[in-house]
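One-letter residues, chain by chain:
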Amino acid sequence: MYRLKTMLALSERNLSTVGRAVFCRVCSSWTGNRVDVSSLPRKYATQAAAEPFLSGSSSAYLEDMYSAWQQDPSSVHKSWDSFFRQTAKGAPPGQAYVRPPTLASSSGVPATLPTHAVTQGVPIDEKIIEDHLSVQTIIRSYQIAGHHLAELDPLGINSVDLQANPPQQLLMSHYRFEEQDLDRVFRLPATTYIGGDSAALPLREIVKRLEEVYCRHIGVEFMFINNIEQTDWIRKKFEPPGIMQFSNEEKRLILARLVRSTRFEEFLARKWSSEKRFGLEGCEVLIPAMKTIIDSCSAYGVDSFIIGMPHRGRLNVLANVCRKPLEKIICQFDSKLEASDEGSGDVKYHLGMSHERLNRVTNKNIKLAVVANPSHLEACDPVVQGKTRAEQFYRGDTDGKKVMSILLHGDAAFAGQGVVYETFHLSDLPAYTTHGTIHIVVNNQIGFTTDPRMARSSPYCTDVARVVNAPIFHVNADDPEAVIHVCKVAADWRTTFGKDVVIDLVCYRRFGHNEIDEPLFTQPLMYKKVAKQPTSLVKYAQSLVANGVVSQQEYEEEVAKYDKICEEAYVAAKKETAVKNTDWLDSPWGNFFEGRDPMKMPITGVSEDVLHHIGGIFSTPPDDFVIHGGLKRILKSRSEMVQNRMADWALGEALAFGSLLKEGSPVRLSGQDVERGTFSHRHHVLHHQNVDKSMYVPLNHLYPDQASYTVCNSSLSEYGVLGFELGFSMSNPTALVIWEAQFGDFANTAQCIIDQFISSGQAKWVRQSGIVLLLPHGYEGMGPEHSSARLERFLQMSNDDPDHFPPETPHFEIQQLHETNWIVCNLSTPANFFHAMRRQIVLPFRKPLVVMTPKSLLRLPEARSSFDEMNEGTMFKRLIAESGAASENADGVRKLILCTGKLYYELVKEREQKGVVEKIAISRIEQITPFPFDLVKAEIEKYPKASLMWAQEEHKNMGAWMYVQARVKTILGKLNKDIEIEYAGRHSSAAAATGNKQMHLMELGQILQTTMDIRSRSKK
């Protein structure tokens, strides 16, 4: 191997330094003068460099040759056999290579090398070996870089890879061939299949076939994949002669689908010429492409397809891929039709759907779901992946053979949006993989108005996919048969390897960003060309008619047939009197809501026996499992708490999870470092100290028939992982799905998912979700990036009216939960956290829950709860009222302080030190939204002589102050009380917290001083 490595190191020298003869593609003539290199002096840096034939060959090729020779000497050329044999015998560099009598007959066909020529060391012709090496390099160069020369742009004006010059290794000037060499016959290596049944071909034919495979309408980008089996598999799908053959029946099917795709857009354009619809014109082949993928995967056994896509072409996909009734789509163009059910709705090109139908090609039933998406083009990518993973999980589809995802992208967004990269990096993670996604890029070769040369630094818009070794198939979208072949290969790839694959449909956008936009302002040359470009349907129909596949009459009849379908749907839509937002639900839950009392507030406590059983197992490792000494102390402490009927935060969480698992509800906890917990408090996964990858999850060993508990550390991503968990939560309403941020401050990286999906998803798309966000929050001197989960942002997005006091009916609490868009809490006890988690599942509907979780309270002795607070008959407390001496002497209370979260414990301690326990009442608002108007009103009424103050640790322009102030004002107005609520907290600031520990303590001291001042200042 030492000699081979020496060769590999030397083989990088480039023959391009020897002359610049240019070869003008296949069968062209030679230009330029060839330099006679035989007369040039040779200088070798080492003795090994004396091997005369090594310059110009590739290291990868040499590796292949040597490996092949080791397995079977007859599998390589005789010249290589000779060299490796001599090297194995110990021949020094420069002498291992011997020259045979000849390797070529007068006809140019290699002659048989006599056996004795190798053993006797007959000299070998140097040029013959160099030429064979060059041929091998040419073949490999086309496999690596042929896509750079592919004719991908339907308009013929752009280089899709943004490169002005072709790769040097694809120019014949790079090699030492002359004109007469084109007709010489060369043996083909085992790394190509262009020969078909032929083991040798003339150089001219070799180059011609390579051009046909790699430089026509398909650009295959795959040689970066570091897996020999996979790269060889791809070569077999594209290189054999005649591999891309279609029967007449298949061609007619492509034409029929292209007719539907094209005529649908033309129909909408005729009826609503000035309406935005983000049509598919310029890439109509997307519909046949998607249907081919679905047909192929359905044949392999997939019966559920989850699709994510931007707005361009969405209506066409809904109509012609998912077969949404056309009249339902057409109704969305009538702005006078109002929704007859809940929700504010969304524009038609953002809507999703779920639909089951028969696949007529495979005669199998399939389910298609298109996930609703905002204008944030790639935002739904991780949501789709999470929903796909959830369906696979609940169906036991461990290999992704039944459920799969298809993601559509735009070229500018695919290259520009970071969530694409985050989503790709989930693709092979054990707890997040969906076992292969087929990505389709609708490559308009333009953004909104931005030239791709100004929009990305990479050659292709698809280069991000290379990070996960996903093959990339670039294809000219005006060649429907090339597109269909690529789609079949992509489906086969996903089925075979369970990995992602990318199809780059290089097309154009016939109109501007939308139908009423003027693209000539910014792309005049492109759109002058577009104006003259016939549709792919017209070109393909003309080709089929010319070749006798269909007649002109048959083609026209197919067009007329679909036009009639559209017109009939238009007439039917005119009869509709209302629309339903639920018709566009992408994740229906079947019978989940049936048989449930929507106005019943559930009790969330459990029996004492259950608490003890779960607590005991949670604090006891297996006998033969070696754990860390520090963890032994933690588990011992937990065991003692269970015996004492007490729970800290980690134990309260485990009791909530375990009780839900007992009742059959799966629990999934995901996020950065969640297995141990950011603050080393959770320890849900025990690691054997002597055996690698040996782990034990106590919560999966509670009961023999319990539900599954999944706890998984995620990649260092917020946007992608939160989107994934949201998608996971959409599939099964009986599962508790939780995402925990490492620190709440980092949740703003996922703000798009929070804003566009979680807070507004039900209003826009009638989509409920019970996802839980755990956001560590609290001012403890850790600086501006480790203190605030930005509580104020979540409260600002809450939909309850600050000026409206809801009717005080027996169903006040449950009615508020029905009407809110989400629940936001800042909890102060493990028991309330326990009930909040359980309430998520036992409610008769689903709402997202955002919890500001504590840090210092995780180990604060005062922040523990008795089992009495979690036993049967107990439930969640929206407000925890003052229960000490002040509550027993309400008339003597001078100040009522309302607060939330961990500040309560600091206020209680300060109150005791100041000796004002009987004069100041402190009540905790645990559920901030929906706001507990009724309970806060009762507290204010209870202390008639007290001033009123809101205390918070956040700055005045942050936290809950402005949210609470407006609602308390409404309560005071209802009570006709002539007072105002005062503020105690940090002053307004741009930064979330100070980075100076001393300043932090000073600010806290000022807060405590203000709150303990019982002089009344709250009169108006």
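None of these values were measured; they are calculated from a predicted model.

1. Remarks on the overall build of the chain
And step 1. Looking only at helices and strands, the chain has 32 helices and 28 strands in total.
And step 2. The 1020 residues of the chain split such that 60% are buried.
And step 3. Of the roughly 40900 Å² of accessible surface on the chain, a fraction of 50% belongs to carbon and sulfur atoms.

2. Overview of the pairing of strand 25 (residues 920–925)
And step 1. With 6 of its 6 residues buried, strand 25 lies for the most part within the structure.
And step 2. The two faces of strand 25 match: Ile920, Ile922 and Arg924 on one face and Ala921, Ser923 and Ile925 on the other face are all buried.
And step 3. Where strand 23 (residues 879–880) lies against strand 25, 2 bridges are found, and the strand directions are antiparallel. From the neighbouring strand, leucine 879 faces strand 25, where its bridge partner is isoleucine 925.
And step 4. Looking at chain direction, strand 24 (residues 895–899) and strand 25 are connected through 5 bridges and run parallel. When the sheet's bridge partners are listed, leucine 898 is paired in strand 25 with serine 923.
And step 5. Between the parallel elements strand 24 and strand 25, the chain passes through helix 29 (residues 903–914) in a crossover that is right-handed.

3. Looking at the packing of aromatic side chains
And step 1. Using the criterion set out here, one finds 30 aromatic pairs in the structure.
And step 2. Seen in terms of ring centroids, tryptophan 233 and phenylalanine 497 are 5.5 Å apart; in terms of plane orientation they differ by 85°. Their pairing is edge-to-face. On the criterion of sequence distance, the pair formed by tryptophan 233 in helix 7 (residues 228–238) and phenylalanine 497 in helix 15 (residues 480–497) is long-range, its members being 264 residues apart. Each member of the pair, tryptophan 233 as well as phenylalanine 497, is classed as buried.
And step 3. Considering the side-chain rings of phenylalanine 267 and tryptophan 272, the 6.3 Å spacing of their centres and the 85° angle between planes classify their relative orientation as edge-to-face.
And step 4. Clustering of aromatic rings is evident, with ring pairs tying together Phe267, Trp272, Phe333 and Tyr570.
And step 5. Taking the ring centre of tyrosine 904 as reference, the NZ or CZ of arginine 924 above it sits at 3.7 Å.
And step 6. Above the face of the phenylalanine 805 ring, lysine 974 is positioned so that its terminal group lies 4.9 Å from the ring centre.

4. A few points about the confidence of the model for the chain
And step 1. Overall, the predicted model of the chain reaches an average pLDDT of 88, with 89% of residues at or above 70.
And step 2. This model gives residues 101–122 a pLDDT under 50, and the stretch forms 30 contacts once residues within four places in sequence are excluded.

5. Some words on the nonpolar core
And step 1. Core analysis: the largest hydrophobic core is formed by 193 residues, its most contacted members being Leu286, Ile440, Ile503, Leu773, Leu775 and Val968.
And step 2. The leading source of residues in this core is helix 15, at 10 residues.
And step 3. One finds Ile614, Phe657, Leu702 and Val772 within the second-largest nonpolar core, a separate group that totals 54 residues.

6. Looking at the sheet that holds strand 10 (residues 437–443)
And step 1. What the 8 strands build is an open sheet, ordered 5-11-12-10-9-6-8-7; its pairing is mixed. Looking along the sheet, the strands with just one partner apiece sit at the ends: strand 5 (218–221) and strand 7 (353–359). For this sheet, the mean inter-axis angle between neighbouring strands, taken without regard to orientation, is 20°.
And step 2. Relative to strand 11 (residues 472–476), strand 5 runs antiparallel, the two sharing 4 bridges. Looking at strand 11, one finds that glycine 219 is bridged to histidine 474.

7. Looking at the packing of helix 5 (residues 126–145) against helix 6 (residues 203–214)
And step 1. Direction vectors running N to C along helix 5 and helix 6 enclose 10°, while the axes themselves pass 10 Å from each other. Between helix 5 and helix 6, the angle falls in the class roughly parallel. Where helix 5 abuts helix 6, its residues Val135, Ile138, Ile139, Tyr142 and Gln143 lie against Leu203, Ile206, Val207, Leu210, Glu211 and Tyr214.
And step 2. Here the residues of the contact of helix 5 with helix 6 sort into 9 nonpolar, 1 polar and 1 charged.

8. A closer look at the packing of helix 29 against helix 32 (residues 997–1011)
Two quantities define a packed helix pair, namely the angle between the helix axes and the distance between the axes.
And step 1. Orientation of helix 29 relative to helix 32, taken along the N-to-C sense of each, is 60°, at an axis distance of 10 Å. Judged by the inter-axis angle, helix 29 sits oblique to helix 32. The two elements helix 29 and helix 32 meet at a crossing, and its hand is right-handed. Contacts between helix 29 and helix 32 involve Leu903, Glu906, Leu907 and Glu910 from the former and Leu1004, Leu1008 and Thr1011 from the latter.
And step 2. Looking at side-chain class alone, the contact of helix 29 with helix 32 contains 4 nonpolar, 1 polar and 2 charged residues.

9. As for helix 19 (residues 608–618)
And step 1. Along helix 19, the residues that are buried comprise Val610, Leu611, Ile614, Gly615, Ile617 and Phe618. For helix 19, the angular spread of buried residues about the axis comes to 165°, placing them on one side.

10. Notes on the side chain of histidine 435
And step 1. Structurally, histidine 435 is set in the loop between helix 14 (418–424) and strand 10.
And step 2. Looking at histidine 435, its side chain comes within polar contact range of the main-chain oxygen of threonine 398, at 2.8 Å.
And step 3. In this structure histidine 435 touches Gln392, Thr398, Asp399, Gly400, Arg494, Gly498 and Lys499, once residues within four positions along its chain are discounted.

11. Things to note about the environment of aspartate 648
And step 1. Relative to the elements of secondary structure, aspartate 648 occurs in the loop between strand 13 (646–647) and helix 21 (649–662).
And step 2. Contact partners of aspartate 648, with chain neighbours within four places excluded, come to Met641, Pro830, Leu858 and Arg864.
And step 3. Side-chain polar atoms of aspartate 648 contact the backbone nitrogen of leucine 651, separated by 2.9 Å.

12. Quick notes on the environment of lysine 997
And step 1. Position of lysine 997 among the secondary structure elements: in helix 32.
And step 2. On a C-alpha basis, the gap between lysine 997 and glutamate 780 in space is 8.6 Å, while along the polypeptide they are 217 residues apart.
And step 3. Apart from the residues lying within four places of it in its own chain, the contact partners of lysine 997 are Glu780 and Gly781.
And step 4. Within the local environment of lysine 997, its side chain forms a polar contact with the backbone oxygen of glutamate 780, the two atoms lying 3.2 Å apart.

13. A look at the sheet that holds strand 14 (residues 667–671)
And step 1. The strand order across the open sheet built from 7 strands is 17-14-18-19-21-20-26, with neighbouring strands paired in mixed fashion. Strand pairing shows two members of the sheet lacking a second neighbour, strand 17 (709–713) and strand 26 (927–929), which therefore form its edges. Pairs of neighbouring strands in the sheet enclose a mean axial angle of 20°, with direction left out of account.
And step 2. The pairing of strand 18 (residues 736–740) with strand 19 (residues 772–776) spans 3 bridges and is parallel. By the bridge assignment for strand 19, glutamate 740 is matched with leucine 774.

14. A look at helix 15
And step 1. The terminal C-alpha atoms of helix 15, which comprises 18 residues, lie 26 Å apart, in line with the 26 Å expected from a rise of 1.5 Å per residue.
And step 2. Of all 18 residues making up helix 15, 16 are buried, and the element is well covered by its neighbours.
And step 3. At the exit of helix 15 stands glycine 498, carrying a positive phi of roughly 65°.

15. A word on unusual backbone geometry
And step 1. Along the chain, threonine 929 connects to proline 930 via a cis peptide bond; the corresponding omega equals -5°.
And step 2. Of note, proline 930 is situated in the loop between strand 26 and helix 30 (933–942).
And step 3. Here the phi dihedral of asparagine 363 falls at roughly 60°; this positive angle occurs in a residue that is not glycine.
And step 4. Structurally, asparagine 363 can be placed in the loop between strand 7 and strand 8 (364–370).
And step 5. Owing to a relative accessible area of 60%, asparagine 363 belongs among the exposed residues under this scheme.
And step 6. Non-glycine residue aspartate 673 carries a positive phi angle of around 65°.
And step 7. Relative to the assigned elements, aspartate 673 resides in the loop between strand 14 and strand 15 (686–687).

16. Describing the pairing of strand 11
And step 1. Strand 11 sits mainly inside the fold: 5 of its 5 residues count as buried.
And step 2. Of the two faces of strand 11, the one lined by Ile472, His474 and Asn476 and the one lined by Phe473 and Val475 are each fully buried.
And step 3. In terms of strand pairing, strand 11 meets strand 12 (residues 501–506) through 5 bridges, oriented parallel. Opposite phenylalanine 473, over in strand 12, you have isoleucine 503 as the bridge partner.
And step 4. Crossover connection from strand 11 via helix 15 to parallel strand 12: handedness right-handed.

Reading the values: the criteria
Residues numbered from 1 in each chain as written. Predicted model: local features only at pLDDT ≥ 70, side-chain atom pairs only at ≥ 80, totals over all residues. Heavy atoms only, no water. Helix = DSSP H or I, 4+ residues; strand = E, 2+ residues; numbered from the N terminus. Buried < 20%, exposed > 50% of the residue type's maximum accessible area, 1.4 Å probe, protein only. Areas by Shrake-Rupley, 256 points an atom, 1.4 Å probe, with all protein chains shown as cover. Pairing = 2+ DSSP bridges. Right-handed = clockwise from strand over helix to strand, strands pointing away. Phe/Tyr/Trp six-rings, centres within 6.5 Å; stacked < 30°, edge-to-face > 60°. Lys NZ or Arg CZ within 6 Å of the ring centre and 35° of its normal. pLDDT = per-residue confidence, 0-100. Contact = heavy atoms within 4.5 Å. Core = buried A, V, L, I, M, F, W, Y, C linked by side-chain atoms within 4.5 Å. Axes fitted to C-alpha atoms, helices over the stretch in contact; angles between N-to-C directions. Parallel < 35°, antiparallel > 145°, perpendicular 65-115°, else oblique. Nonpolar A, V, L, I, M, F, W, Y, C, P; charged D, E, K, R; others polar. Left-handed = near helix turned anticlockwise from the far one by under 90°. Arc of directions from axis to C-beta. Polar contact = N/O pair within 3.5 Å; in protein donor to acceptor, adjacent residues only side chain to side chain. Expected span 1.5 Å × (residues − 1).

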